[in-house]
Amino acid sequence: MTDRLIIFDTTLRDGEQSPGASMTKDEKVRIAKALERMRVDIIEAGFPIASPGDFAAVQAVATAVKESRVCGLARALDTDIDRAGEALKTAVAPRIHTFIATSPIHMQKKLRMEPDQVVAQAVRAVKRARQFTDDVEFSPEDAGRSDPDFLCRILEAVIDAGAGTLNIPDTVGYAMPEQFGALIRQLRERIPNADKAVFSVHCHNDLGLAVANSLAAVANGARQVECTINGLGERAGNAALEEIVMAVRTREDYFKCNTNLDTTQIVPASRLVAGITGFAVQPNKAIVGVNAFAHESGIHQDGVLKSRETYEIMHAEDVGWSANRMVLGKHSGRNAFRTRLQELGVSFVTEEELNDAFGRFKDLADKKHEIYDDDLQALVTDANLEAGNERVKLLTLRVCSETGETPEAHLTLWFDGGEHGAQAQGGGPVDASYRAIESVVKSGATLLLYSVNNITTGTDAQGEVTVRLEKGGRIVNGQGADTDIVIASAKAYVNAVNKIIAPAAKAHPQV
Ligand code: KIV
Ligand code: ZN
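Now for a look at the structure at hand. (Residues numbered from 1 in each chain as written. Chains lettered and ligands numbered in written order. Predicted model: local features only at pLDDT ≥ 70, side-chain atom pairs only at ≥ 80, totals over all residues. Heavy atoms only, no water.)

## Re empty space enclosed by the protein
Line of reasoning, step 1. All chains considered together, the criterion is met by 2 cavities of 30 Å³ or more.
Line of reasoning, step 2. If you go around the largest cavity, you meet 13 residues; those closest to its centre are Arg13, Glu141, Pro169, His202 and Gln510.
Line of reasoning, step 3. Put simply, the parts of the chain that give the lining of the largest cavity at least two residues each are strand S5 (94–101), strand S6 (136–141) and strand S7 (165–170).
Line of reasoning, step 4. Of the residues contributing to the lining of the largest cavity, the split by class is 3 nonpolar, 7 polar and 3 charged.
Line of reasoning, step 5. Looking at the second largest cavity, its volume works out to about 50 Å³.
Line of reasoning, step 6. Breaking the lining of the second largest cavity down by element, the ones donating at least two residues are helix H15 (373–388) and strand S18 (474–482).
Line of reasoning, step 7. With 4 residues, H15 is the largest single contributor of residues to the lining of the second largest cavity.
Line of reasoning, step 8. The residue inventory of the lining of the second largest cavity, partitioned by class, reads 3 nonpolar, 4 polar and 2 charged.
Line of reasoning, step 9. Looking at which domains feed residues into the lining of the second largest cavity, each of domain 2 (334–385) and domain 3 (389–500) supplies at least three. (1 Å grid on protein atoms, 1.4 Å probe; cavity = no way out; pocket = protein on both sides within 12 Å on 5 of 7 lines; lining within 4 Å. Points joined across faces, edges and corners; volume = space filled by probe spheres on them. Helix = DSSP H or I, 4+ residues; strand = E, 2+ residues; numbered from the N terminus. Nonpolar A, V, L, I, M, F, W, Y, C, P; charged D, E, K, R; others polar. Domains from an automatic or database assignment.)

## Observations regarding the site of ligand 1
Line of reasoning, step 1. The immediate surroundings of ligand 1 are formed by Arg13, Asp14, His97, Phe99, Ser139, Glu141, Pro169, Thr171, His202, His204 and Gln510.
Line of reasoning, step 2. Arg13 places a polar side-chain atom, nitrogen or oxygen, 3.0 Å from an oxygen atom of ligand 1.
Line of reasoning, step 3. Contacts to ligand 1 include Asp14, whose side-chain N or O atom sits 3.0 Å from an oxygen atom.
Line of reasoning, step 4. Starting from 260 Å² of accessible surface for ligand 1 in isolation, the protein chains cover 100%. (Near = heavy atom within 4 Å. Polar contact = N/O pair within 3.5 Å; in protein donor to acceptor, adjacent residues only side chain to side chain. Areas by Shrake-Rupley, 256 points an atom, 1.4 Å probe, with all protein chains shown as cover.)

## A short note on the coordination of the zinc ion (ligand 2)
Line of reasoning, step 1. Protein coordination at the zinc ion (ligand 2): the donors are Asp14 (OD), His202 (NE2) and His204 (NE2), at 2.0 to 2.2 Å from the metal.
Line of reasoning, step 2. The sequence pattern describing where the donors of the zinc ion (ligand 2) fall on their chain is D-x187-H-x1-H. Of this pair, Asp14 sits in the loop between strand S2 (6–9) and helix H1 (25–37) while His204 sits in the loop between strand S8 (198–203) and helix H8 (210–219); the two residues are 190 residues apart in sequence, bridging distant segments of the chain. No difference in accessibility class separates Asp14 from His204, as the two residues are buried. (Donors = N, O, S within 2.8 Å, 3.2 Å for Na, K, Ca; no water. Buried < 20%, exposed > 50% of the residue type's maximum accessible area, 1.4 Å probe, protein only.)

## Focus: the pairing of strand S3 (residues 42–46)
Line of reasoning, step 1. In terms of residue burial, S3 counts as a mostly covered element, since 5 of its 5 residues are buried.
Line of reasoning, step 2. Bridging between S2 and S3 involves 2 bridges; their strand directions are parallel. Bridge assignment links Asp9 to a residue of S3, and that residue is Ile43.
Line of reasoning, step 3. Once the chain exits S2 it traverses H1 before rejoining the sheet at S3, and the crossover so formed is right-handed.
Line of reasoning, step 4. Looking at chain direction, S3 and strand S4 (residues 69–75) are connected through 4 bridges and run parallel. Residue pairing for S4: Glu44 is matched across the bridge by Cys71.
Line of reasoning, step 5. After leaving S3, the chain enters helix H2 (residues 52–64) and then returns to the sheet as S4, a path that is right-handed. (Pairing = 2+ DSSP bridges. Right-handed = clockwise from strand over helix to strand, strands pointing away.)

Structure representation (C-alpha cells):
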C-alpha cells in the first residue's frame, strides 16, 4: 500500500530569500506555471506583507495557477494574515501558512514572549486564517531546537483551532537525520489529535543534511515535504525538490509512499530557475547537474552499454534530460515558433508579444543556423529581462579590441527618461563596457561575480552571462544572453544595475 507524499514547493518564497535570488512578478508566474506543469501539489508564492511587489506577485500567481494549491506566508499576526488572505482571493485552492517561533532562544531573544503567550498567539492566528480559507498550515519556527513537550502542547492547540497541516521546520539546519525522524514519530504518537493533521517538514541545509533529514521524517510518517528547485533557499538552501522526489520514487519499496509529480518536468524547471535567479547548478549536482547521468569511466560505459541497470538507478529521460533538439531555423515560420514555445510551456498573451519574440528569433537565426530548445528558452528569458529593466536600457554598444591597444567601449543607454552616450577604456572589452555604463548610471555597486556559460555547443552558441552586484549589504543578480558575449555581458550588467538602483523596501519574514 503506497501513501501519497505531498510536495510543497517554496522556491518562490524561501528560495527567493537567497541573497541575490529576487525575482520579478512575471518571473514568479513563469516559475509557478512550470511547477504547475510538474503537478507540484502546493506552491508557496511569497510573503504578501513583505512589500507591495510581493503582494502583487502572490496575487498574480494565485490568479495564473489553476491546478496546484497556492499558499501565502504570514507571521502569526492579524495584519500578515489579512494581507495573505487578500492576496490569495483569486486562488482556486488557497492556503495560508502561518508561523511563530517555539525554541527557547527564539522565544526569549527574538520574540521576548512567554511560552503561554506564544501558544495563545498561534491559536489566534490559525483561527483568523480559517476565516479566509479551510486550508491552514502552522509552523513552529525553529522546531529542530524546540522542546518536544512544548511542541506537543502548541501543535495540539493549533489542530483544535483548525490547522490541517503541521509543518516542522529545522530552521537553522541543526538536526541529525535519526534524531529528526524520531522527533516526527514522537509528535505523531504523543499529540492526541495528531490524526486530524498532515505532518510536514521544512529542512535547511546548513550541515548539508536537508534532504537526509526530510527523508528521515518521511520514513517516520511525514506526508508533506517543503522543498525548492535546485535546493535554493535562505543561507545554504532548503531540501532540493528533485532529490526528494526521485529518492521516494526510486526507493518506493523503502518509503512506501510516492508523489504525483510529472518528473519529466524536473530538468526544464531546474534550468528555468537557474536562468532566472542566476544561481547556476553545479555539474555534479544530483539529478539536475549536467554530469548526473554522464558515465566517464570506460568500465562504467561498457557496463551501461551492456545493461543500463549496471550503473544507472534512474533513467535520464525520466527527469527530463532529453537530447537538445534542433527545432527551428532561419526559414521557420511564426506558427512553428509559437507551437514549439507552447510545447515548452511559454505562451504569449498578446500578438504584439509574439511578434516581438518572433523578431528576436529571426535576428538570432541570422547569426546562428540551428536553434535549439535552450536557445528559445534563453530568448524568452532575455526578452522578459529587458522588459523588466525599468530605469536603464542598453540601446547600442560598440567595442574596439585590438592586440597592443587598450580596449574601448562606446555605448548609448536609456537612463531615467533620456538617451545618454558614453565611452570608456578598460582592461578588456567587458571591463570597458562596465566602466562606460557606470559613468552614466553611477550605481557605485561592487561586482561580486561575473560568469559566462554557453547555452548550447559550438562557437556560434549564445553566451549566458550572470553578474552579481552588491551595495550597502544588498545583493542582486543580473542576466543577459547573446551570441556576442560582450553584448550579453553588458545586458547582464544593465539588468543587475536596474535592480540595485530600485528601492528595496521588503520585509524578511523571520527577522
Ligand atoms: O525555515 C523556516 O523556519 C521557515 C518558516 C517560515 C517555515 O522558512
Ligand atoms: Zn525556511
